[in-house]
Amino acid sequence: MQTGILYALLAYIIWGLLPLYIKSLHGIAPLEILLHRMVWSLVFLGAILAIRRHWGWLRGVWSDRRLLLGFVASAALLCGNWFLYIWAVSNDRVVDASLGYFINPLFSVLLGVVFLRERLRPAQWVSIALAAAGVVWLTFAAGQLPWIALALAGTFGGYGLLRKTAALGALEGLSLETLLLFPFAVAALGWMFSTGEAGFAHASLGVQFLVAMAGPVTAVPLLFFAAAARRIPLSLLGLLQYTGPTLQLLLGVWLYHEPFPADKQLGYAMIWVSLALYALEGFWMSRRRPPAVAVD
């Protein structure tokens, strides 16, 4: 249990501090960061697969059309989520991006209801309604939908739904997704270098090294997350996941001095209360369940 909690916290802390990494890539455009992230992630994952001699699963993938189509879709959603997050951080919208990952758990719950026919208890519906009210308030206060947050929650929620129903594990699935994205990333980077538009070519050696570190920065927290999911209950994993967006919010407000006026604080507070209600209701219901009785 303690090891699982440690793995989960490491994953969420790395994700929470990701704006620091993206902001350090001076002179590299968001699209180019995305392309490098695809390429170096596959290099890093390929090294892990080689060390573990874990290639056998690839043989059966290419003949399973349904599995391939599912991972094409999940790779597209992951690519969209990565690009939007990188763009948001690069354009000083860290606070808005953090909201997307606060909303994401409840959005995933709704996807479970719609697509997996999961049933919600009354308190859970109240929690979702309160979060929706928070989004409506943020829309009213700003005069526009919080589209960055909703798009991040939608793409990552959809990605989670596809991965939940996929046949491959965390390492294999991410490796296949990056393998599918790799040819497009290499072609696009090749075009950028040939036309002189690649910021990597003109960046300092330190920035180039940080760009190459996109592989472990992407894969390591996902592997920590997968290890944690095998060791601790999903309810505890769900509570710990708010570490990431909380760190992002603190970075946006205190380090990068992004505006966080009172009207926006009210909308966020409504969403936080909805999350607390959902978590407490789940904890209370788990305590009410009778303990399992061993049968000889």
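Residues numbered from 1 in each chain as written. Predicted model: local features only at pLDDT ≥ 70, side-chain atom pairs only at ≥ 80, totals over all residues. Heavy atoms only, no water.

In the annotation of an unreviewed UniProt entry, the entry for the protein reads EamA family transporter RarD, and the organism field reads Cupriavidus gilardii. What the UniProt record of the protein gives under Sequence similarities (unreviewed entry) is the line "Belongs to the EamA transporter family." (UniProt positions renumbered as here; feature names shortened; annotations may be inferred.)

Asker: Describe the overall build of the protein, and please don't skip the residues or the numbers.
Answerer: Of the regular secondary structure elements, the protein holds 14 helices and zero strands. Walking the protein from its N terminus toward its C terminus, one meets helices and strands in the order α-α-α-α-α-α-α-α-α-α-α-α-α-α. Computed over its C-alpha atoms, the radius of gyration of the protein comes to 20 Å, within 12% of the 19 Å expected for a compact globule of 296 residues. When its C-alpha atoms are laid out on the principal axes, the protein stretches across 60 × 60 × 35 Å. Taking all 296 residues of the protein together, the buried fraction comes to 44%. A distance of 10 Å separates the average location of the 19 positive side-chain charges in the protein from that of its 12 negative side-chain charges. (Helix = DSSP H or I, 4+ residues; strand = E, 2+ residues; numbered from the N terminus. Rg over C-alpha atoms; globule rule 2.2 N^0.38 Å. Buried < 20%, exposed > 50% of the residue type's maximum accessible area, 1.4 Å probe, protein only. Lys, Arg positive; Asp, Glu negative; His and termini not counted. Charge placed at Lys NZ, Arg CZ, Asp CG, Glu CD.)

Asker: Tell me about the pattern of salt bridges, residues and numbers included.
Answerer: Scanning the entire structure with this criterion turns up four salt bridges. D92 is the partner of K23 in a salt bridge, and the nearest nitrogen-oxygen pair spans 2.5 Å. Of this pair, K23 sits in helix α2 (residues 18-23) while D92 sits in the loop between α4 (65-90) and α5 (94-115), placing them 69 residues apart in sequence. Residue D92 is classed as partly exposed on the basis of its relative accessible area of 46%. Each member of the salt-bridge network shares a partner with another, and the members are R93, D96 and K264. (Salt bridge = Lys/Arg side-chain N within 4 Å of Asp/Glu carboxyl O.)

Asker: Give me the packing of α5 against helix α7 (residues 147-164): which residues, what numbers.
Answerer: The contact between α5 and α7 brings their axes to 7 Å, and the two run at 45 degrees. Between α5 and α7, the angle is such that the two are oblique. When you trace α5 past α7, the crossing you get is right-handed. When α5 is examined against α7, the residues D96, A97, L99, G100, Y101, I103, N104, F107, S108, L111 and F115 are found in contact with a partner set consisting of I148, A149, L150, L152, A153, G154, F156, G157, G158 and L161. (Axes fitted to C-alpha atoms, helices over the stretch in contact; angles between N-to-C directions. Parallel < 35°, antiparallel > 145°, perpendicular 65-115°, else oblique. Left-handed = near helix turned anticlockwise from the far one by under 90°. Contact = heavy atoms within 4.5 Å.)

Asker: Account for helix α10 (residues 205-212), naming residues and giving values.
Answerer: Here α10 has its buried residues at V207, Q208 and V211. Along the axis of α10, the buried positions cluster into a sector of 100 degrees, meaning they face one direction only. Across α10 from its buried face, at more than 90 degrees, point the exposed residues L205 and F209. (Arc of directions from axis to C-beta.)

Asker: Could you give an account of the packing of aromatic side chains, with specific residues and numbers?
Answerer: Considering all chains together, one arrives at 11 aromatic pairs under this definition. Pairing W87 with W147 gives two aromatic rings, centres 5.7 Å apart and planes at 45 degrees, and the pair type is tilted. Separated by 60 residues along the polypeptide, W87 in helix α4 and W147 in helix α7 bring together distant segments of the chain. On the accessibility criterion, W147 (39% relative accessible area) is partly exposed. On the basis of an interplanar angle of 75 degrees and a centroid distance of 6.0 Å, the ring pair of Y101 and F156 is categorised as edge-to-face. Placement of Y101 in helix α5 and of F156 in helix α7 is noted, with a sequence separation of 55 residues between them. A relative accessible area of 17% places Y101 in the buried class. In textbook terms, an aromatic cluster arises when at least three aromatic residues are bridged by ring pairs, as seen for Y85, Y101, F156 and Y159. Above the face of the Y256 ring, K23 is positioned so that its terminal group lies 4.7 Å from the ring centre. The lysine or arginine in question, R37, covers the ring of W82, its NZ or CZ lying 4.4 Å from the ring centre. (Phe/Tyr/Trp six-rings, centres within 6.5 Å; stacked < 30°, edge-to-face > 60°. Lys NZ or Arg CZ within 6 Å of the ring centre and 35° of its normal.)

Asker: Could you give an account of helix α8 (residues 170-195), with specific residues and numbers?
Answerer: For α8, with 26 residues, the first-to-last C-alpha span of 36 Å sits near the 38 Å given by 1.5 Å per residue. Where α8 bends most, the angle comes to about 40 degrees, and this point is F182, followed within four residues by the proline P183. Residues of α8 that are buried include every one of L171, E172, G173, L174, S175, L176, E177, T178, L181, A185, L189 and M192, and no others. Just past α8, the residue G196 takes up positive phi, approximately 75 degrees. (Expected span 1.5 Å × (residues − 1). Bend = angle between axes of the 7 residues up to and from the residue.)

Asker: Just give me the short version of the environment of G112, but keep the residues and values in it.
Answerer: Here G112 lies in helix α5. Spatially, the C-alpha atom of G112 lies 7.6 Å from that of L161, the residues being 49 residues apart in sequence. Discounting chain neighbours no more than four positions away, the residues touching G112 are R117 and E118.

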